[in-house]
Amino acid sequence: MTDEVIMSLAARQHGVVSRAQLLHAGIGADRVAGWVRRRRLRPVQRGVYLVGPLLVPRARLMSAALCCGESADVSHGSAAALWEIESGIGATPVDVIIPPGDRRRRPGVRVHRIALRPDEITTLDAIPVTSPARTLYDVASTLAGRDLERVVAEALARRVTARADIERMVTRYQHRPAADRLRTIMGMDPPPARTRSEAEEALLTLVRKTQLPQPALNVRVHGCEVDLFWREERLVVEMDGFAFHGWRRRFESDRRRDAVLAAAGLRVMRVTWRQLETEPEALLVRLAQALVRSP
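Residues numbered from 1 in each chain as written. Predicted model: local features only at pLDDT ≥ 70, side-chain atom pairs only at ≥ 80, totals over all residues. Heavy atoms only, no water.

(A) Summary view of the nonpolar core. Counting residues in each nonpolar core, the largest one holds 44 residues, and the members touching the most others are Val96, Leu136, Leu148, Val152 and Leu182. Apart from the residues lying within four places of it in its own chain, the contact partners of Val152 are Leu136, Ile166, Leu182, Ile185, Met186 and Pro192. (Core = buried A, V, L, I, M, F, W, Y, C linked by side-chain atoms within 4.5 Å. Buried < 20%, exposed > 50% of the residue type's maximum accessible area, 1.4 Å probe, protein only. Contact = heavy atoms within 4.5 Å.)

(B) Layout of the pattern of salt bridges. One pass over the full model with this rule turns up 28 salt bridges. The shortest N-O distance in the salt bridge between Arg196 and Glu200 comes to 3.8 Å. The exposure class of Glu200 is buried, given its relative accessible area of 3%. Here the residues in one salt-bridge network are Arg58, Glu84, Asp125, Glu154, Arg158 and Arg194, joined through shared partners. (Salt bridge = Lys/Arg side-chain N within 4 Å of Asp/Glu carboxyl O.)

(C) Structural context of the packing of helix H8 (residues 163-172) against helix H9 (residues 177-186). Contact geometry of H8 with H9 gives a least axis separation of 9 Å together with a crossing angle of 145 degrees. When the axes of H8 and H9 are compared, the crossing they make is left-handed. Judged by residue contacts, Arg163, Ile166, Glu167 and Val170 of H8 engage Ala179, Leu182, Arg183 and Met186 from H9. The residue inventory of the contact of H8 with H9, partitioned by class, reads five nonpolar, no polar and three charged. (Axes fitted to C-alpha atoms, helices over the stretch in contact; angles between N-to-C directions. Helix = DSSP H or I, 4+ residues; strand = E, 2+ residues; numbered from the N terminus. Left-handed = near helix turned anticlockwise from the far one by under 90°. Nonpolar A, V, L, I, M, F, W, Y, C, P; charged D, E, K, R; others polar.)

(D) Representation of the packing of aromatic side chains in the model. Taken as a whole, this structure holds one aromatic pair when the rule is applied. Between Tyr137 and Tyr173, the aromatic rings sit 4.8 Å apart at their centres with planes inclined by 25 degrees, giving stacked as the arrangement. Of this pair, Tyr137 sits in helix H6 (residues 132-139) while Tyr173 sits in the loop between H8 and H9, and the two are 36 residues apart along the sequence. Among the residues examined, Tyr173 registers a relative accessible area of 10% and is labelled buried. Geometry around Trp35 places Arg40 over its ring, the cationic atom sitting 4.5 Å from the centre. (Phe/Tyr/Trp six-rings, centres within 6.5 Å; stacked < 30°, edge-to-face > 60°. Lys NZ or Arg CZ within 6 Å of the ring centre and 35° of its normal.)

Okay, here's the thing in structure tokens:
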């Protein structure tokens, strides 16, 4: 029965268990200490043990929350990685929010002492974590501009949160700098842009340095998902090049899409990575001319 208790806990918690959980399950302190000596339980944090041979990425997040007590929640950049709206799930230290009166510190854990409201916390894959909207508010304390826009756009695109949830967080903390940054992002027109490639990001950066109209990115138009779209000018820009479209099947598919868009009265302009690197000024001139000649 003891083995079943340990394995059941570990299976639900990415391979880690806490000493407090084992004691609560009726396993004596002496037995726990013996298992640690024999390496049956391997310490990964103070009072948290690994059961099994491998420490998987989410085990680090789980162990960070366990070692900081029952009121701890994974937060900030670590929560953004857990929600898959920002990379860096394996990064250290792990961000964790604990109540303001809790003074504990743990190696490899960056502690934030904040009083959270009930609707700002949840669980994801058994890990206690801040809600997506609260996570965006927290990362806005360290991110701004395009970096913050990217994270917000990813959260909205993945539908892990809604605009109303983010706006509620902005209203709740309206006098804080992080809320001001989020308010700026949410007020963008077009909405926050989500890029899917380095080439799209480079072209967006280039366009935003000018006074050209701003495009929408990765939107569906007449059944086709396009890279950049100027709706009023009825112009579509697609990123092209061997690195992205090296296969004949993709080449044929792209030309079929171009025909569908052209039949709907849209113009399609294709841009290569080489053009972005070697002739950005000339590319901007061609783009400006295409926008000026909008129907």
